[in-house]
Amino acid sequence: MAFGKRVLITGGAGFIGSHLCEKLLAAGHEVLCVDNLFTGRRQNIAPLLSNTAFEFNRHDVTFPLFVETDEIYNLACPASPVHYQFDPVQTTKTSVHGAINMLGLAKRTKAKIFQASTSEVYGDPTVHPQVETYNGNVNPIGPRACYDEGKRCAETLFFDYHRQHRVRIRVARIFNTYGPRMLPNDGRVVSNFIVQAIKGEPITIYGDGQQTRSFCYVSDLIEGFVRLMDAPDTVTGPMNLGNPVESTILELAEKIIHLSKSSSKLINKPLPVDDPTRRRPDISKAQETLKWKPVVPLDEGLSKTIHYFKSLLS
Ligand code: NAD
Ligand code: UDP
Ligand code: UDP
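Criteria and cut-off values
- Residues numbered from 1 in each chain as written.
- Chains lettered and ligands numbered in written order.
- Predicted model: local features only at pLDDT ≥ 70, side-chain atom pairs only at ≥ 80, totals over all residues.
- Heavy atoms only, no water.
- Helix = DSSP H or I, 4+ residues; strand = E, 2+ residues; numbered from the N terminus.
- Expected span 1.5 Å × (residues − 1).
- Buried < 20%, exposed > 50% of the residue type's maximum accessible area, 1.4 Å probe, protein only.
- Near = heavy atom within 4 Å.
- Polar contact = N/O pair within 3.5 Å; in protein donor to acceptor, adjacent residues only side chain to side chain.
- Areas by Shrake-Rupley, 256 points an atom, 1.4 Å probe, with all protein chains shown as cover.
- Nonpolar A, V, L, I, M, F, W, Y, C, P; charged D, E, K, R; others polar.
- Pairing = 2+ DSSP bridges.
- Axes fitted to C-alpha atoms, helices over the stretch in contact; angles between N-to-C directions.
- Contact = heavy atoms within 4.5 Å.
- Salt bridge = Lys/Arg side-chain N within 4 Å of Asp/Glu carboxyl O.
- 1 Å grid on protein atoms, 1.4 Å probe; cavity = no way out; pocket = protein on both sides within 12 Å on 5 of 7 lines; lining within 4 Å.
- Points joined across faces, edges and corners; volume = space filled by probe spheres on them.
- Right-handed = clockwise from strand over helix to strand, strands pointing away.

Draft legend 1. Focus on helix α7 (residues 218-230). Taking 1.5 Å per residue, 13 residues should reach 18 Å; α7 reaches 19 Å between its end C-alpha atoms and fits that length. Among all positions in α7, only Val218, Asp220, Leu221, Ile222, Gly224, Phe225, Val226, Leu228 and Met229 are buried.

Draft legend 2. Spotlight on the site of ligand 2. Residues in contact with ligand 2, as listed here, are Pro64, Leu65, Phe66, Ile100, Asn101, Gly104, Leu105, Lys107, Arg108 and Tyr161. A distance of 2.7 Å separates a nitrogen atom of ligand 2 from a polar atom in the backbone of Leu65. At a separation of 2.7 Å, an oxygen atom of ligand 2 approaches a polar side-chain atom of Arg108. Starting from 520 Å² of accessible surface for ligand 2 in isolation, the protein chains cover 63%. Among the elements that make up the shell around ligand 2, the one with the highest residue count is helix α4 (residues 88-109) (six residues). For the shell around ligand 2, the class distribution of residues is six nonpolar, two polar and two charged.

Draft legend 3. Geometry of the sheet that holds strand β1 (residues 6-10). In spatial order, the strands read β3-β2-β1-β4-β5-β6-β11; together these seven strands make up an open sheet with parallel pairing. Both outer strands of the open sheet, β3 (54-58) and β11 (239-241), are each paired with one neighbouring strand and no more. Neighbour-to-neighbour, the strand axes of this sheet turn through a mean angle of 20°, independent of strand direction. Note that strand β4 (residues 71-74) and strand β5 (residues 112-118) share four bridges and pair parallel. Counted as the bridge partner of Glu71 is Lys112 from β5. Here helix α1 (residues 15-26) sits on the sheet and contacts β1, β2 (30-35), β3 and β4; the angle it forms with β1, its principal contact strand, is near 170°.

Draft legend 4. Examining the pattern of salt bridges more closely. Under the definition given, this model contains 22 salt bridges. Salt-bridge contacts for Glu120 lead to Arg144; the nearest nitrogen and oxygen are separated by 2.7 Å. Of the two residues, Glu120 sits in the loop between β5 and α5 (145-165) while Arg144 sits in the loop between β5 and α5, which places them 24 residues apart along the sequence. Both residues of the pair, Glu120 and Arg144, belong to the buried class.

Draft legend 5. Focus on the site of ligand 1. Close to ligand 1 lie 30 residues; Ile16, Asp35, Thr39, Tyr147 and Thr177 are nearest. Between an oxygen atom of ligand 1 and a main-chain N or O atom of Ile16, the distance comes to 2.8 Å. Lys151 is positioned such that a nitrogen or oxygen atom in its side chain is 2.8 Å from an oxygen atom of ligand 1. The fraction of the free accessible surface of ligand 1 (820 Å²) that becomes covered by protein chains is 97%. Among the secondary structure elements, those contributing two or more residues to the shell around ligand 1 are α1, α4, β5 and α5. For the shell around ligand 1, the class distribution of residues is 14 nonpolar, twelve polar and four charged.

Draft legend 6. Local environment of empty space enclosed by the protein. Going through the model one piece at a time under the given rule, you end up with one cavity of 30 Å³ or more. Within this model, the largest cavity holds a volume of roughly 30 Å³. Along the walls of the largest cavity sit Asn74, Leu75, Ala76, Cys77, Thr94, Ser95, Gln115, Ala116 and Lys151, which together make up its complete lining. Listed by contribution, the elements that provide at least two residues to the lining of the largest cavity are α4 and β5. Taken together, the residues of the lining of the largest cavity break down into four nonpolar, four polar and one charged.

Draft legend 7. Inspection of the pairing of β5 at higher detail. Within β5, seven of the seven residues are buried, which leaves the element mostly enclosed by the surrounding structure. Burial along β5 is two-sided: Lys112, Phe114, Ala116 and Thr118 facing one way and Ile113, Gln115 and Ser117 facing the other are all buried. Two elements, β5 and strand β6 (residues 169-174), share six bridges in a ladder whose sense is parallel. The residue bridging Thr118 from the neighbouring strand is Ile174, located in β6. A crossover connection joins β5 to the parallel β6 through α5; in handedness this β-α-β unit is right-handed.

Okay, here's the thing in structure tokens:
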């Protein structure tokens, strides 16, 4: 074979997906990127279009898809609260119908299938740091539920297709990830703060800024994806993937102002409903099973991301 495996990446034109397309092409695989371009962008994959091992198909995963493939990475789903709450019914459909279609495809082709699940399955956690055995604290009827419950139902489907149809699954619970190719108007905290800092606009702190998150640079996350996919079939997950270094949102704002040499001031805005108070992954399972841990420190990852947004906005 001229190439390695045939890999389908849903959501491949998005932030994380486009980095994954690049990584798998560089490793010698054929990549089929499927995306409806809701939050994904053609520019993210434009440099890949001249590569004969790369193909793009504009398609919505809530509809069936018949292609031949060896591996599937199922990333299709808007990830920013602003975007997933824009059309909440479509968000749930994307997670649930999308999972059913991709699992049906995996069942027919006998492909391995990876699910981009999320730390949001833990909701506003009462256990800290979050371990995979914690079942979470999710409000099923709040504004975040379309995403959280959609992703939880997708996990259920993955494990039922595994038990009932022997589909080979890998479920990763991804914690906050950042880096180049986040959208400037995406609404997530890292992109918001960096764009505000570069423009000298006020930095919008929701609530008192004492809530915490743990931020993983995109290249670290992608390395974790590939290791999980390449692990033996007994390693199904769910497995936390993220950076365990925890910061308050206020600390993040101060760091971004410092690194971008910005004159921006902080302003307070209301805290969104159901905003989780504390979030940090326990990554012991990934460390032991995949020999994986993040290696890019927050300062370095933020500097690279600031550099990206400076050239994008100039
Ligand atoms: P993103 O919004 O940049 O990427 C999502 C991609 O999915 C976009 O290209 C979008 O156009 C596409 N998409 C959405 N609905 C679709 C549909 N119905 N059919 C086909 N394509 C569709 O977000 P991201 O940060 O790259 O997230 C990628 C995946 O990782 C998502 O599943 C997300 O839930 C998960 N995740 C991300 C984070 C994070 O911090 N970035 C954290 C946890 C989980
Ligand atoms: N499916 C798909 N591509 C395939 C195989 C199946 O999109 O290559 C879809 C199919 O349309 C169905 C879903 O996946 O709606 C689930 O498939 P499965 O075989 O599990 O269920 P069934 O077809 O028996 O309802
Ligand atoms: N946040 C903030 N200002 C912003 C955007 C977000 O203070 O301009 C806060 C938000 O309330 C949350 C945290 O930053 O507590 C992370 O938000 P994001 O939307 O990036 O991700 P998620 O809440 O899904 O982890």
